[in-house]
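Examination of the molecular architecture
Here's the letter readout for the chains.
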Amino acid sequence: TWHLKKIPQIVRERTFSLDSPKFEAKTKLELNSVCGIECQRKLPVPSLSDLKNLLSYETVFENGTRTLTEVNVLGAALDPAANATTRRPLRKKRQIYGTDSRFSIYDKRFMTNFPFNTAVKISTGCSGILVSPKHVLTAAHCLHNGKDYVKGSKRLRVGLMKTKSRGNGRKRKGTSDGMPSFQWTRVKSTHIPKGWFKGVSGDIALDYDYAVLELKRPHKRKYMELGISPTIKMMPGSMIHFSGFDNDRSGQLVYRFCSISDESNDLFYQYCDAEPGSTGSGIYLRLKEPNKKKWKRKIIAVYSGHQWVDINGEQQDYNVAVRITPLKYAQICFWIHGNDENCTQG
């Protein structure tokens with residue numbers, strides 16, 4: 001079952017106008033030399049004033065204007081053993097680990113129905129997931145490189161899946177059910193936590209590699225609910241799942257599932273097979289609730305991508321996801337609802 005947690009409150013204190021960003025950064029679908037498993041173990045636990053700084057956020061609007069919102073954090077539990085991880089053997093350099101276990105979803109009955117239809121394509125080359133009638137959760141590095149916003153984010157769009165019709169609705173002989181095409185929607189505003197910015201965190205902090213996009217027009221699809229990520233030991237079904245648009249399978253929606261190998265307070269380390277393009281996908285759990293026949297699904301992390309890190313002088317790789325902790329749940333929920341009244345139970 002889901003273990004509910006009391007959620008801290010993120011309270012808006014002040015909002016300032018900032019200069020318009022340059023939008024000149026290059027999009028990087030793979031990050032190098034970031035704080036890895038060994039480095040995470042040595043990180044100090046942030047203080048309350050650190051948290052207020054890291055969880056303050058920038059908002060960029062469709063017209064290129066930008067604001068900074070400072071926040072206060074109420075009711076946060078600071079865990080001194082937060083960054084403990086369990087040690088596992090290191091892996092060799094590759095993104096597909098052994099047999100490629102990804103599934104391409106071809107059948108439009110699946111593609112256009114929940115949970116697969118919650119996956120969206122971001123115009124900068126990443127994936128994302130629908131979290132409300134007009135909000136998308138994705139990775140911050142799809143929009144910002146830690147110093148500036150990427151070129152394509154000034155006119156950012158989100159592609160919602162639809163299946164191509166084959167002319168008069170008739171299907172030609174020998175054709176599949178159809179590759180997804182996209183209904184593109186403009187993004188009205190983008191929220192990114194300050195913890196992602198290099199000036200705040202010293203270097204890129206993977207812990208804060210998440211962002212929320214507000215769409216210009218609401219959609220009518222079923223979206224995925226947010227949840228707080230459990231520890232590996234408390235993981236229902238012990239498997240994580242996510243779908244995205246991997247670059248090596250152009251035009252296809254790609255689904256995969258796997259178990260988690262390692263964890264810190266803010267990150268999951270796993271070896272789900274994935275290629276660039278799937279970064280920003282929403283990672284979810286599924287479980288059957290007592291006395292109910294239907295599966296329940298909740299997003300518990302954002303896939304940050306395949307990372308190279310320096311461990312004991314050697315370049316090692318893993319696939320990493322940013323966990324939705326109680327604090328991040330409070331922030332993302334606040335961005336979606338504009339208040340914290342709907343964000344008290346995770």
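What you see is a predicted model; the values in this text were computed from it and never measured.

Criteria and thresholds
Residues numbered from 1 in each chain as written. Predicted model: local features only at pLDDT ≥ 70, side-chain atom pairs only at ≥ 80, totals over all residues. Heavy atoms only, no water. Phe/Tyr/Trp six-rings, centres within 6.5 Å; stacked < 30°, edge-to-face > 60°. Helix = DSSP H or I, 4+ residues; strand = E, 2+ residues; numbered from the N terminus. Buried < 20%, exposed > 50% of the residue type's maximum accessible area, 1.4 Å probe, protein only. Arc of directions from axis to C-beta. Salt bridge = Lys/Arg side-chain N within 4 Å of Asp/Glu carboxyl O. 1 Å grid on protein atoms, 1.4 Å probe; cavity = no way out; pocket = protein on both sides within 12 Å on 5 of 7 lines; lining within 4 Å. Points joined across faces, edges and corners; volume = space filled by probe spheres on them. Contact = heavy atoms within 4.5 Å. pLDDT = per-residue confidence, 0-100.

According to the stated counting rule, one finds eight aromatic pairs in the structure shown. Between F23 and Y149, the aromatic rings sit 5.9 Å apart at their centres with planes inclined by 50°, giving tilted as the arrangement. Within this pair, whereas F23 is found in the loop between β1 (9-18) and β2 (31-32), its partner Y149 is found in the loop between β8 (135-138) and β9 (157-163), the two being separated by 126 residues in sequence. Residue class for Y149 comes out buried when judged on its relative accessible area of 3%.

Along helix α2 (residues 48-55), the residues that are buried comprise L51, L54 and L55. Buried residues in α2, looked at end-on, bunch into an arc of 85°, giving them a common side.

Time to look at the pattern of salt bridges. One pass over the full model with this rule turns up nine salt bridges. One salt bridge connects E62 with R186, and the closest N-O pair in it is separated by 3.6 Å. Here the residue E62 occupies a position in the loop between β3 (57-61) and β4 (66-74), and R186 occupies one in strand β10 (residues 180-193), the gap between them amounting to 124 residues. Accessibility expressed as a relative area gives 34% for R186, which makes it partly exposed. When the shortest N-O distance is used, the salt bridge between E62 and K216 registers 3.1 Å. Residue E62 is found in the loop between β3 and β4, and its partner K216 is found in the loop between β11 (211-215) and β12 (225-226); the two are separated by 154 residues along the sequence. Given a relative accessible area of 24%, E62 falls into the partly exposed group. Judged by relative accessible area, which is 45%, K216 ranks as partly exposed.

Glancing now at empty space enclosed by the protein. Rolled over the atoms, a probe sized like a water molecule indicates the empty space that remains. Inspection of every chain in the model, using the stated rule, returns four cavities of 30 Å³ or more. For the largest cavity, the calculated volume is near 100 Å³. In terms of lining, the largest cavity is formed by 14 residues, of which the most central are V60, F61, S153, L156 and T190. Listing elements by their share of the lining of the largest cavity, those giving two or more residues are β3 and β10.

This part is about the environment of G338. Structurally, the position occupied by G338 is in the segment after α5 (326-337). With relative accessibility at 40%, the residue G338 sits in the partly exposed group. Linking G338 and R12, residues 326 residues apart in sequence, is a C-alpha distance of 9.6 Å. Beyond its immediate stretch of four places on either side in the chain, G338 contacts R12 and C333.

A separate point is the confidence of the model for the protein chain. Chain-level pLDDT for the protein chain is 79 on average; 77% of the residues reach the 70-or-more range. This model gives residues 80-97 a pLDDT under 50, and the stretch forms 59 contacts once residues within four places in sequence are excluded. Taken as a whole, residues 168-176 scores under 50 in pLDDT and shows five contacts with residues more than four places along the chain or in a different chain.

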